[in-house]
Amino acid sequence: MKYISGKIIRLVAGLSLVAYMVGSCSKPSREERDLECILQSAKRHFMQRNIDSAIYYADSLRRRSDTVRSPHAYIASLVYLGEGHMIKGNDDSMVAYFNRASELAVRYRDDWALGVMNNILGIQSLYNRLDSKRCINCLLDGLRFAERSGDETLISMLKCNLALAYYVRRDPSGLEYARDVYDTGVGKKNMYMIYCGSLTSAYMYYCVGEYETAGEYIVTALPLAHTYKDEHGVYTLYGDILLKLGREAEAKACYDKALATNNPEDRFSGIDIYLSYGNYLKDGRRYRQALTMLESGIEIADRNANTMNRYLLYEAAAQICSLMSDRGGYERYMMLYKGDRDSIFNINSERVISQLKVSYERDKYEGMVSKTVADERKARSRLRAIILASLFVFIVSTVVLFVRFRRKEQNLLAMLAMQRDRFSPDNGGVRNPDASERTVPRPEAGTDRKMEEIYRRLEALMREEHIYRDAGITREKVAAMLSTNRTYLTSVIGKYAGQSFLAYVNTFRIEEAVGILSDPGKDIPIKALVHDLGFGSVSTFYKLFTAATGHSPSHYRSLFSGSDNLPFSER
């Protein structure tokens, strides 16, 4: 995931030059030309990763722009300095520069600077503190400023980082952002946007299990990886995709290239290669080598304060310790895994608990089915003996077995009814628990009443008019219905539902799907249901439904219809 951090650093440097040049007059003075030259020098050194030189030119820009009273160039210099010190690991200095830059940016309405700072602070929240909620909030705020400034490059970067923030959470909601950046890049023939959009799209399609499509996008990004100095991240993801497609030898070659291009001393060095290579070695039963690889990744993550995705290294190490019968190692890594994972997914803690309950009920159900199978085998053996002895005994035994089976069936139906109630819309459905509590927000001191009113009207459109069933629903359409704009709508949903627009819409679709599939009286085909609920593809519906209930749609329906067509291994 080097791209999530290191690529942002180089992009922000280039954006400062663009902002300043837009604000320049048609006939710049000599002093203004000097400032532009300094901006170009700072940009060049950031792109070449010469951070000390970049900081030198940024400080020179600060002193010169202050002298000639050029506020926007001065603000850009503070953003540069904060960025440079962040790369160097001097977070206190970064905060000091950003605080001053924020104050001036608000005074002079410098939306570009506010967008850039929110972008960097959002990624830092995820990278250093595993605070995904703050990360997404910062990125959404940054997107609002970027759209106001009209800087399409910054808008695309923020969308890419939003997609990757969702990817870290393994949430497919980021796909729309990634695709938007890619399509914009193709339309404008902007190679950097194409690169960023294709890479993030590959991540998101990999996340939802569409590996062929992910492969198509990563192949687009691969020729540009060297240009943007991100071979490590691209080859790691390409190896993961190839492994899923069964091309093991090619996957290993990609992992070797990723390791060869990775710099462990770089603060923003990615740790994904250690996770991917470790899992590859684990699958090959080379447990010692796999554990060594994972522990190397953990060491680098700890040394560089890179907490992003570290929880997956802990989880993989715990699994290997379990396979090696190392109980102490297993318990140590599981404790570390749970600590990091809870930091990322705390916003969905109630939903996780619900999923654990579903898993428990599923295990209980499988146990009952296994017991029924064993009983039926014994019954058949007894029946053969009884048939030889007497038809009367056979009939009596059949009645006894039927009664026993009927009782088990009634108990099973009662258990499934409890499970259905737990996922019903009246009990909160499958929605984010934080979001369900905010369905009817209560006024609080300082609360924006306009945002509350829009959220109430939005909930009414969803629950009463069922606008989520429209497959062509977009933020723009809904914003028009509410007489607002899409940026403000995004902020409202983020504040009261804690979700992206697409994730918010999909919660209502999944709630209705749960109600329909748990009703034995409704036999609508699943493909037709997908179309009626507004989903764009069957695969997306399956992915979201399974994540919410712990069952595939067809399996979930079979549980309530009493179908015995599924093999016992799937029940």
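Residues numbered from 1 in each chain as written. Predicted model: local features only at pLDDT ≥ 70, side-chain atom pairs only at ≥ 80, totals over all residues. Heavy atoms only, no water.

## Things to note about the overall build of the protein chain
Each helix and strand counted, the protein chain has 27 helices and zero strands in total. Taken over 571 residues, the protein chain has a buried fraction of 51%. Here the contacts in the protein chain between residues at least 6 apart in sequence split such that 63% fall between residues at least 24 apart. Looking at the protein chain as shown, the accessible area adds up to about 26800 Å², and 52% of this sits on carbon and sulfur atoms. (Helix = DSSP H or I, 4+ residues; strand = E, 2+ residues; numbered from the N terminus. Buried < 20%, exposed > 50% of the residue type's maximum accessible area, 1.4 Å probe, protein only. Contact = heavy atoms within 4.5 Å. Areas by Shrake-Rupley, 256 points an atom, 1.4 Å probe, with all protein chains shown as cover.)

## Focus on helix 21 (residues 449-463)
In this model, helix 21 (15 residues) spans 21 Å end to end at C-alpha, consistent with the 21 Å of a helix rising 1.5 Å per residue. Among the residues of helix 21, M451, E452, I454, Y455, L458, E459, L461 and M462 are the ones counted as buried. (Expected span 1.5 Å × (residues − 1).)

## Here's the deal with the packing of aromatic side chains
Each aromatic ring pair is characterised by the separation of its centres together with the angle its planes make. Applying the stated criterion across every chain, the model contains 19 aromatic pairs. Taken together, the ring pairs in this structure connect Y455, Y468, Y496, Y504 and F508 into an aromatic cluster. The cationic tip of R332 hangs over the ring face of Y333; the distance from NZ or CZ to the ring centre is 4.8 Å. The ring centre of Y488 lies 4.9 Å from the NZ or CZ of K450, which sits over that ring. (Phe/Tyr/Trp six-rings, centres within 6.5 Å; stacked < 30°, edge-to-face > 60°. Lys NZ or Arg CZ within 6 Å of the ring centre and 35° of its normal.)

## Describing the environment of E511
Its place among the elements puts E511 in helix 24 (residues 501-517). Judged by relative accessible area, E511 falls into the buried class, the value being 4%. Along the sequence, E511 and A548 sit 37 residues apart, while their C-alpha atoms lie 9.4 Å from each other.

## Examining the pattern of salt bridges
Any two side chains of opposite charge can pair, given that their charged atoms come close. Taken as a whole and judged by the stated rule, the model has 18 salt bridges. Residue R179 is joined to D183 by a salt bridge in which the shortest nitrogen-to-oxygen separation is 3.9 Å. Here R179 and its partner D183 are both found in helix 9 (residues 175-188), four residues apart, which amounts to about one turn of the helix. The closest approach of N and O atoms between K252 and D256, which form a salt bridge, is 3.1 Å. Taken together, the residues span about one helical turn, with K252 and D256 both in helix 13 (residues 248-261) at a distance of four residues. The exposure class of K252 is partly exposed, given its relative accessible area of 30%. On the basis of relative accessible area, D256 is assigned to the partly exposed category, the value being 32%. Via salt bridges that share partners, D59, R62 and R63 belong to a single interconnected network. (Salt bridge = Lys/Arg side-chain N within 4 Å of Asp/Glu carboxyl O.)

## Details of the side chain of D110
Structurally, D110 can be placed in the loop between helix 5 (91-107) and helix 6 (111-129). Buried charge without a partner: D110 forms no salt bridge, and the closest opposite charge is R148, 10 Å away. When sequence neighbours within four positions are dropped, the list of residues in contact with D110 reads H72, I75 and A105. (Lys, Arg positive; Asp, Glu negative; His and termini not counted.)

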